[in-house]
Each structure stands twice: as structure tokens, then as C-alpha cells.
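An overview of the molecular structure
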Amino acid sequence: MSLQGEYQPSAMEMAREQVALFESSNGTEGNLMRGRPVIVLTMRGNKSGTIRKTPLMRVEHEGQYAVVASLGGAPKHPEWYWNLKAHPEVQLQDGPVRRDYVARELAGAEREEWWERAVAAWPDYAEYQTKTERQIPVFVLEPV
Ligand SMILES: C[C@H](OP(=O)(O)OC[C@@H](O)[C@@H](O)[C@@H](O)Cn1c2nc(=O)[nH]c(=O)c-2cc2ccc(O)cc21)C(=O)N[C@@H](CCC(=O)N[C@@H](CCC(=O)O)C(=O)O)C(=O)O
């Protein structure tokens, strides 16, 4: 499965530039945030149908990945959350390695297990959750 179509860069300059640096260096630059690893998630836009890419903190456990729709604890989900709900087929690039996955939103004990892993990877997630009433969504990415 490959995500074909027109790539529409993010409106958020920091994210757009980090994706550009990450991809132009084949994942060897633009792959850190305060020293912690960052991945790039490629997906299909829920409304535009175009290809969207967003840098996210790397949350990985025994070869499986999760992504966290934190948006810094903002009151609303990031827009990319709705892309994954509508089109769960995604690609994740970790360093030079890019693979196909299907994203599945987690709930209950499974979510708690991955939430712990996410906070271990990026402790700020715990602080973000204190800033918002919404439960910050966690998706696990199942390899295709
Ligand atoms: C600003 C907006 O971005 P967003 O999708 O809301 O995502 C906001 C942020 O989550 C996103 O910028 C992340 O990259 C921020 N971010 C992280 N954000 C997180 O939520 N979690 C992280 O772990 C995370 C890590 C991270 C690391 C480095 C870095 O540079 C940024 C990081 C955006 O790009 N809007 C686009 C449209 C985006 C889009 O996908 N639109 C859909 C429609 C979506 C809908 O249905 O609403 C479409 O094309 O159809 C635009 O206005 O053109």
C-alpha cells in the first residue's frame, strides 16, 4: 500500500520544516526534539484527500509504534487525528526506515499500557494531559 497523491505541507511552519529536513536527510536530521527521537507520519487528509505529513514523538515497543494526538494539551484534537479516523492506512518513517501501518485508536487497559510507554518516551505528555479535559488519543500502528 503506498499513499499516492499530492502532498500538501502543514500550515504549521515548525512541523512543515521539520518534515522537509527529515525527508531530505533520509531521517538523519530533523529527527530529534530536545534530544528525543521524532518520526514522520504520512497519511491521507480527511477532507482534502491530499497527502499530509506530521512529525511526532517516537513511541516504540518491541517493533510496534504508537502515536499520540496531544497537540501540547490543547482543548481540541490535532487535525491529523481526524485523518487517521477516516483513513487509518498510514506510513511511518523512523530514521531511514519507512513502513506501512494501519492506525487503531486505543481504549481501556490497552490505551493505559501504551500511555505509560508514551510518557516514558516523552514525559511532557503527562503534563499536556493535565492541561485539557479531553482524553489525549493514542493510536497503535499495526504493521501491514
Ligand atoms: C496546523 C495543523 O496541524 P494538525 O494536523 O492540527 O497537527 C498539529 C500538531 O499535532 C502537528 O503540528 C505536530 O507535528 C506537532 N507535534 C506533535 N503533535 C502531537 O500531537 N503529538 C506529538 O507527539 C508531536 C510531536 C512533534 C515533534 C516535533 C514537531 O516539530 C511537532 C510535533 C495543520 O497542519 N493543518 C493543515 C491541515 C491539516 C490536515 O490534515 N487537514 C485535513 C483535514 C483534517 C480535519 O478533518 O479537520 C485534510 O487535509 O483533509 C492546514 O491548515 O493546512
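Residues numbered from 1 in each chain as written. Predicted model: local features only at pLDDT ≥ 70, side-chain atom pairs only at ≥ 80, totals over all residues. Heavy atoms only, no water.

Per an unreviewed UniProt entry, the chain is named Nitroreductase family deazaflavin-dependent oxidoreductase, and its organism is Nonomuraea marmarensis.

With the rule as written, the count across this model stands at 10 salt bridges. The partner of Glu113 in a salt bridge is Arg117, and the shortest N-O contact between them spans 3.2 Å. You can see Glu113 and its partner Arg117 sitting in helix α3 (residues 108-121), four residues apart, about one turn around the helix. (Salt bridge = Lys/Arg side-chain N within 4 Å of Asp/Glu carboxyl O. Helix = DSSP H or I, 4+ residues; strand = E, 2+ residues; numbered from the N terminus.)

Glancing now at the layout of surface pockets. Taken as a whole, the largest pocket spans an internal volume of roughly 1,000 Å³. If you list the elements that add at least two residues to the lining of the largest pocket, you get α1 (13-24), β2 (36-44), β3 (51-57), α2 (79-86) and α4 (124-130). Ranked by the residues each element gives to the lining of the largest pocket, the list is headed by β3, at six residues. Residues belonging to the lining of the largest pocket are distributed by class as follows: 20 nonpolar, 11 polar and four charged. (1 Å grid on protein atoms, 1.4 Å probe; cavity = no way out; pocket = protein on both sides within 12 Å on 5 of 7 lines; lining within 4 Å. Points joined across faces, edges and corners; volume = space filled by probe spheres on them. Nonpolar A, V, L, I, M, F, W, Y, C, P; charged D, E, K, R; others polar.)

Surrounding the ligand, one finds 26 residues, the nearest of these being Gln18, Asn46, Lys47, Ser48 and Tyr125. Taking Thr54, its side chain carries an N or O atom lying 2.8 Å from an oxygen atom of the ligand. Ser70 places a polar side-chain atom, nitrogen or oxygen, 3.1 Å from a nitrogen atom of the ligand. About the coverage of the ligand: the protein hides 86% of its 1,000 Å² of free accessible area. According to the grid-proximity analysis, the pocket containing the ligand is the largest pocket. If one sorts the elements of the shell around the ligand by residue count, β3 sits on top with five residues. When its residues are assigned to classes, the shell around the ligand shows 15 nonpolar, eight polar and three charged. (Near = heavy atom within 4 Å. Polar contact = N/O pair within 3.5 Å; in protein donor to acceptor, adjacent residues only side chain to side chain. Areas by Shrake-Rupley, 256 points an atom, 1.4 Å probe, with all protein chains shown as cover. Sits in = over half its atoms within 2 Å of the grid points.)

Within the sequence span of α2, burial applies to Trp80, Tyr81, Asn83 and Leu84. The arc that holds the buried residues of α2, viewed along the axis, is 160°, so those residues lie on one side. Where α2 is buried, its residues meet β2, β3, β5 (64-68), β6 (89-94), β7 (97-105) and β8 (138-143). (Buried < 20%, exposed > 50% of the residue type's maximum accessible area, 1.4 Å probe, protein only. Arc of directions from axis to C-beta. Contact = heavy atoms within 4.5 Å.)

Let us look at the pairing of β3. For β3, the buried fraction is high: six of the seven residues fall into the buried class. Taken together, the seven bridges between β2 and β3 define a ladder with antiparallel strand orientation. Residue pairing for β3: Met43 is matched across the bridge by Arg52. In this antiparallel pair of consecutive strands, β2 and β3, the connection spans six residues, and Gly49 shows a positive phi of 75°. (Pairing = 2+ DSSP bridges.)

Nonpolar side chains collect at one region of the surface, where Met12, Met14 and Leu71 lie side by side and expose about 310 Å² of accessible area between them. Topologically, Met12 is positioned in the segment before α1. Judged by its relative accessible area of 48%, Met12 is partly exposed. (Patch = residues over 30% accessible without salt bridge, like charges linked within 9 Å, V, L, I, M, F, W, Y side chains within 5 Å.)

Let us look at the packing of aromatic side chains. On inspection of all chains with the given rule, the structure shows six aromatic pairs. Between Trp80 and Phe139, the aromatic rings sit 6.4 Å apart at their centres with planes inclined by 45°, giving tilted as the arrangement. Taken together, the residues span a long stretch of sequence, with Trp80 in helix α2 and Phe139 in strand β8 at a distance of 59 residues. Each ring, one from Trp115 and one from Tyr125, has its centre 6.1 Å from the other, and the planes form 40°; the classification is tilted. Of this pair, Trp115 sits in helix α3 while Tyr125 sits in helix α4; the two residues are 10 residues apart in sequence, bridging distant segments of the chain. With a relative accessible area of 10%, Trp115 lands in the buried category. Note on Tyr125: relative accessible area 3%, which makes it buried. Following the ring pairs from residue to residue traces out a cluster consisting of Trp80, Tyr81, Trp82 and Phe139. The residue whose ring lies beneath Arg117 is Trp114, and the NZ or CZ to ring-centre distance is 4.6 Å. (Phe/Tyr/Trp six-rings, centres within 6.5 Å; stacked < 30°, edge-to-face > 60°. Lys NZ or Arg CZ within 6 Å of the ring centre and 35° of its normal.)

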